[in-house]
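Breakdown of the fold
Each chain, written out:
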Amino acid sequence: MLFNPHPLLAVPIWQQLRRMGGPGLVLLGIADNSVIPLTGSMDVLTIWLAARHHEPWPYYAFMATLGAVIGGYITYALARKGGKEAMERRFSRKRATQVFNTFERWGFFAVAIPAVLPPPFPFVPFLIAAGAGQYSPKKFLGALTLGRGVRYTIAAGVGYHYGRHVLRFFNRYYKPAVGILVGLAVIGGVLSLIHYVRMKKK
């Protein structure tokens, strides 16, 4: 999905996730909270599904949160196993130090607050910092669940209450919107890969 040569080639995959409904949100959430996030995709799919009213909108908020928490915990656990070296391999030393300092100062809120913020705010560094810094798994899960829960509850609520306008937009601009989202994900993935290779060489 991330490395198709043309963004619109990912549209059938997007359609499949839409048809899956809640389980599709879980799968997308796991991918979106990996080291190569799919910029904005979770918010868009959550809003779109809630706008369709096939299930009560809190269901979509819950499933989006569940997927995000599972994906976030996987990234956290991998970083926890790798220690601080994992953070420094993934980011520059300066960037890693900034994130660690933020995390050591704010702790719980260094996960909860970024988890609420919409794209393009980078969230993955904070997942990795929590794991690399050996932050408590229970506190991490609590902060992540709180932040993502608030974010996707808002997204699903917007989809439900403004569904007619949301669906009209998707019907008119469906392919360009999906193409832009997937294109951003591809660019982000390529840049992350380039950055990772450079840091490995250093």
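Report on the accompanying structure. Because the structure is a prediction, the values reported are computed rather than measured.

**Notes on the packing of aromatic side chains**
Aromatic ring pairs: the centre-centre distance and the angle between the two ring planes describe each pair. Summed over the entire model, instances satisfying the criterion amount to 5 aromatic pairs. Taken together, a centroid distance of 5.2 Å and an interplanar angle of 70° make the contact between Tyr 59 and Tyr 60 edge-to-face. Tyr 59 sits in the partly exposed class, given a relative accessible area of 29%. Here Tyr 60 falls in the buried class, since its relative accessible area comes to 3%. Each ring, one from Tyr 73 and one from Tyr 76, has its centre 5.5 Å from the other, and the planes form 35°; the classification is tilted. Pair noted here: Tyr 73 and Tyr 76 are both in helix α4 (residues 57-82), with a separation of 3 residues, about one helical turn. Classification of Tyr 73 by relative accessible area gives partly exposed; the value is 33%.

**Quick notes on unusual backbone geometry**
Even without glycine at this site, Gln 134 takes up a positive phi of about 60°. Residue position: Gln 134 is located in the loop between α8 (124-132) and α9 (137-161). The class for Gln 134 is partly exposed, based on a relative accessible area of 41%.

**Side note on the nonpolar core**
Grouped together as the largest cluster of nonpolar side chains are 19 residues, with contacts concentrated most on Phe 103, Val 111, Phe 123, Ala 130, Phe 140 and Leu 144. Of all the secondary structure elements, the ones that give two or more residues to this core are α4, α6 (93-106), α7 (108-116), α8 and α9. Broken down by element, the residue count for this core peaks at 5 residues, all from α8. Excluding residues within four positions of it along the chain, Phe 103 makes contact with Ala 110, Val 111, Phe 126, Ala 130 and Tyr 135.

Here is what the cut-offs are and how they apply
Residues numbered from 1 in each chain as written. Predicted model: local features only at pLDDT ≥ 70, side-chain atom pairs only at ≥ 80, totals over all residues. Heavy atoms only, no water. Phe/Tyr/Trp six-rings, centres within 6.5 Å; stacked < 30°, edge-to-face > 60°. Buried < 20%, exposed > 50% of the residue type's maximum accessible area, 1.4 Å probe, protein only. Helix = DSSP H or I, 4+ residues; strand = E, 2+ residues; numbered from the N terminus. Core = buried A, V, L, I, M, F, W, Y, C linked by side-chain atoms within 4.5 Å. Contact = heavy atoms within 4.5 Å.

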